[in-house]
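Tertiary structure, described
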Amino acid sequence: MKRAVIAAIAALCLFAFPSFAQTSTTTTPTPSSASLSFNVGAGAFGLGGSSNATPATDIALTLNPGIAKAPNFSFRSDNLLAPGANLQFYGGGGEYQLPQLAKTGLLADIHFNLNATFGLDRIAPASGPTQEHFGLMAGASMHYMTSAGVDLNLFQVGFLRTPGAPWGANAPYFGGSISYFFGKQQ
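Just so it is clear, the structure is predicted and the values come from calculations on it, not from any experiment.

**What to know about the side chain of Asp78**
Turning to its location among the elements, Asp78 is positioned in strand 3 (residues 73–82). A distance of 3.2 Å separates the side chain of Asp78 from the side chain of Thr117, its partner in a polar contact.

So, in C-alpha cells, the structure goes:
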C-alpha cells in the first residue's frame with residue numbers, strides 16, 4: 001500500500017511538472033486606475049480691457065471624480081468677486097487638462113488647462129436696483145504642480161461675458177492663483 005501511494009504521488013509529479021512550463025494563451029486586461037482629486041484655491045484677476053478695468057478675486061474649486069474614460073476632465077466652480085465694479089459671478093462648468101509636454105525633465109511639472117463655466121452674474125450697486133444676468137467665463141491657464149501638492153497657476157487668460165458690467169458685456173480677463181491639490185497626481 002505504501003509503495004502504491006508513493007508511486008501515485010510520483011506519477012502525479014511526473015505529469016504535473018510539464019504543465020507548469022506551458023504558456024498561457026489568454027491575456028489578462030490591465031486594470032485602469034482612477035482616483036478622486038480635489039483642488040481649491042484663490043487668485044487675483046484683472047477684468048476689463050478699458051479705462052474701467054478693475055481688480056477681482058476668483059475662488060476656484062475643481063473636482064476630478066476619477067472617470068476612467070476621461071481622466072483629464074474635472075468639474076469646476078468659479079466664484080468671482082469684483083467689489084470695485086459691484087460684480088459677482090457664480091458659475092459651474094468643466095476643466096480639461098491638455099496632454100503634458102514632457103513626462104520627465106524640467107517641463108514635466110508644467111501643464112495647460114482649458115476651462116469654461118456658465119452661471120449667474122450679479123451687479124449689486126450701492127444705490128439702485130440689483131441686476132442679474134446669465135454669464136460665461138472661458139479661458140486657458142498654465143500651471144506648475146509642486147511635489148508638495150501646491151498648484152501654482154502661473155497665468156490665466158480668457159473671456160468674461162457679464163451683461164451690465166461697467167466695462168460692457170464682454171471683456172478679457174487675466175490673472176494667476178495658488179491652490180492646494182488633494183488626491184493622486186497623474
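Having seen it, we continue.
**Re the layout of surface pockets**
Reported here for the largest pocket is a volume of approximately 690 Å³. Forming the boundary of the largest pocket are 41 residues, of which Gln97, His111, Met145, Asp151 and Phe181 lie nearest the centre. Elements with a minimum of two residues in the lining of the largest pocket: strand 1 (37–47), strand 2 (54–64), strand 3, strand 4 (87–97), strand 5 (110–123), strand 6 (131–145), strand 7 (150–161) and strand 8 (170–183). Ranked by residue count, the leading element in the lining of the largest pocket is strand 1, at eight residues. Residues belonging to the lining of the largest pocket are distributed by class as follows: 13 nonpolar, 21 polar and seven charged.

**A short note on the pattern of salt bridges**
Under the counting rule described, the total for this entry stands at four salt bridges. The salt bridge involving Arg122 is made with Glu132; its shortest N-O contact spans 3.5 Å. Pair noted here: Arg122 is in strand 5 and Glu132 is in strand 6, with a separation of ten residues, a long-range link.

**Quick word on the confidence of the model for the protein chain**
When pLDDT is averaged across the protein chain, the result is 82; 80% of the residues are at 70 or more. No element of the protein chain has a lower mean pLDDT than helix 1 (residues 2–20), which averages 55, and none a higher one than strand 4, which averages 95.

**Here we look at unusual backbone geometry**
One non-glycine residue, Asn86, adopts positive backbone phi at about 55°. Position of Asn86 relative to the elements: it lies in the loop between strand 3 and strand 4. By relative accessible area, Asn86 is classed as partly exposed at 31%.

**Structural notes on the environment of Ala56**
Its location among the elements puts Ala56 in strand 2. Look at Ala56 and you get buried, because its relative accessible area is 6%. Separated by 29 residues in sequence, Ala56 and Ala85 place their C-alpha atoms 8.9 Å apart. Those residues in contact with Ala56, other than ones at most four positions away along the chain, are Gly43, Ala44, Phe45, Leu47, Leu80, Leu81 and Ala82.

Thresholds applied
Residues numbered from 1 in each chain as written. Predicted model: local features only at pLDDT ≥ 70, side-chain atom pairs only at ≥ 80, totals over all residues. Heavy atoms only, no water. Helix = DSSP H or I, 4+ residues; strand = E, 2+ residues; numbered from the N terminus. Polar contact = N/O pair within 3.5 Å; in protein donor to acceptor, adjacent residues only side chain to side chain. 1 Å grid on protein atoms, 1.4 Å probe; cavity = no way out; pocket = protein on both sides within 12 Å on 5 of 7 lines; lining within 4 Å. Points joined across faces, edges and corners; volume = space filled by probe spheres on them. Nonpolar A, V, L, I, M, F, W, Y, C, P; charged D, E, K, R; others polar. Salt bridge = Lys/Arg side-chain N within 4 Å of Asp/Glu carboxyl O. pLDDT = per-residue confidence, 0-100. Buried < 20%, exposed > 50% of the residue type's maximum accessible area, 1.4 Å probe, protein only. Contact = heavy atoms within 4.5 Å.

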